[in-house]
Amino acid sequence: MTSAIYPMTAPAHAVTDRWTRAALSCKPANHARAEAGARLAYQAAGEAEPARFLWCPSPPAAIEHLQRLLDDGHRPLVGSVRRGNLNRSLTAARAPIWEHTSERDQVTAFGDFHQFMEWTGYYGEQRYDGVEARYDLMEHPYRCNPVTEAERTVLEPVLDTVRRVYDLVHAPIWSTIDRSLTAGYIMRSAWFWDAERSIVDQDDEGHAVVRYCLDPHDWFFEAAWTYYPDWLVLATIDTYQKVFGSAPDAAWEGCRDVALAAGPWWPLTGVAVLTERPTVLRIDAHGRLHAEDEPAVVWPDGSRMWARNGTLLPPP
């Protein structure tokens, strides 16, 4: 799946191909590589390594196990082991670009970035604390460096292409899984983007950069983005490394290895929950989930979903 909208350089094409292939892969999971990557991610986050790895044959099965583990008192570590590691690496990769940007271009980037965040409503998510107290928007901006025009020009086509895999393939799958939960927000503690204090975490560099480059709206709160946006954030970091020549912090390497070796995963205290990839994933020429008289998605435990032209169908 390649972008038909934007031109891309050869290094950008390589990054796009790497992460779209990872998101659509049906190869058997490499358990050894995934577990080694998970240990590395725990170490980079300053967390104790998991005492065990729980391999689940499908995302629906993983969600069931996650519910039980959370009920048993295992603390979720998504915020530190996945999101925190990726944010640190992204910050390290972006810093040299900002340092070498002229003062004039920095001022322009700052104005464009924060105007975008306010006028598209993203600061609006932070405007009210409780019921009546209005935030001062200038006191509560995103605290990362604004995205320069050079960064956005390179990132936009890469992220747009990877994003379409979410929109066309993973969004319907995760929406179905999410609707199967018995109570709304039951898995909130295992979400990626969520912060307990506010909808938007002002220190979340990945969130800010992706939003600015893609101008996403409501779909940012779809289940696919809530549970597993890692491929897209990893593609962002990889773009800085391969295209800009920046050196990200090594913290991302563990998350990268898990993403390239297995399906979605969740770190918790004492246990890391990992999933197998689907054995079958059928898409049409437009990249949509599609199969005529057979399941469009099948996992090793027999879980399956039917879809036609991108629309999920009830089981026959």
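Going along each chain's sequence as written, the residues are numbered from 1 onward. Totals for whole chains, interfaces and linings use all residues, but because this is a predicted model, local features are given only for residues with pLDDT of at least 70 and pairs of side-chain atoms are given and counted only at 80 or more. Water and hydrogen atoms were dropped before computing side-chain values, which therefore reflect all heavy atoms in the structure.

(A) Representation of the overall build of the protein chain within the structure. A run of H or I in DSSP counts as a helix once it spans at least four residues, and a run of E counts as a strand once it spans at least two, with each numbered from the N terminus. In terms of regular secondary structure, the protein chain is built from 10 helices and 9 strands. Only protein chains enter the accessibility calculation, which uses a 1.4 Å probe; a residue whose area is less than 20% of its type maximum is buried, one above 50% is exposed, and one in between is partly exposed. Looking at the protein chain as a whole, 52% of its 316 residues qualify as buried. Look at the contacts in the protein chain between residues 6 or more apart in sequence, and 73% of them connect residues 24 or more apart. The method behind every accessible area is Shrake-Rupley, applied with a 1.4 Å probe, and residues are considered shielded solely by the protein chains displayed. Carbon and sulfur atoms make up 50% of the accessible area of the protein chain, which totals about 14,300 Å². For this analysis, residues touch if any pair of their heavy atoms sits within 4.5 Å.

(B) Focus on the packing of helix α2 (residues 31-44) against helix α4 (residues 78-99). A fitted line through C-alpha atoms represents every axis, and for helices the fit uses only the stretch in contact; the resulting angles, taken between N-to-C directions, go from 0 to 180 degrees. Following both chains from N to C, one finds α2 and α4 inclined at 70 degrees, their axes separated by 9 Å at the closest point. Comparing their axes, α4 and α2 come out roughly perpendicular. The residues of α4 that touch α2, namely those facing Ala41, Tyr42 and Ala44, are Val81, Asn85 and Arg88. In this classification, the charged set is Asp, Glu, Lys and Arg, the nonpolar set is Ala, Val, Leu, Ile, Met, Phe, Trp, Tyr, Cys and Pro, and all remaining amino acids, among them Gly, are polar. Residue composition of the contact of α2 with α4, by class: 4 nonpolar, 1 polar and 1 charged. Working rule for angles: under 35 degrees goes down as roughly parallel, over 145 as roughly antiparallel, 65 to 115 as roughly perpendicular, anything else as oblique.

(C) Representation of the side chain of Glu35. Checked against the element boundaries, Glu35 lands in helix α2. If we ignore the near neighbours within four places in the chain, the residues touching Glu35 are Phe53 and Trp55.

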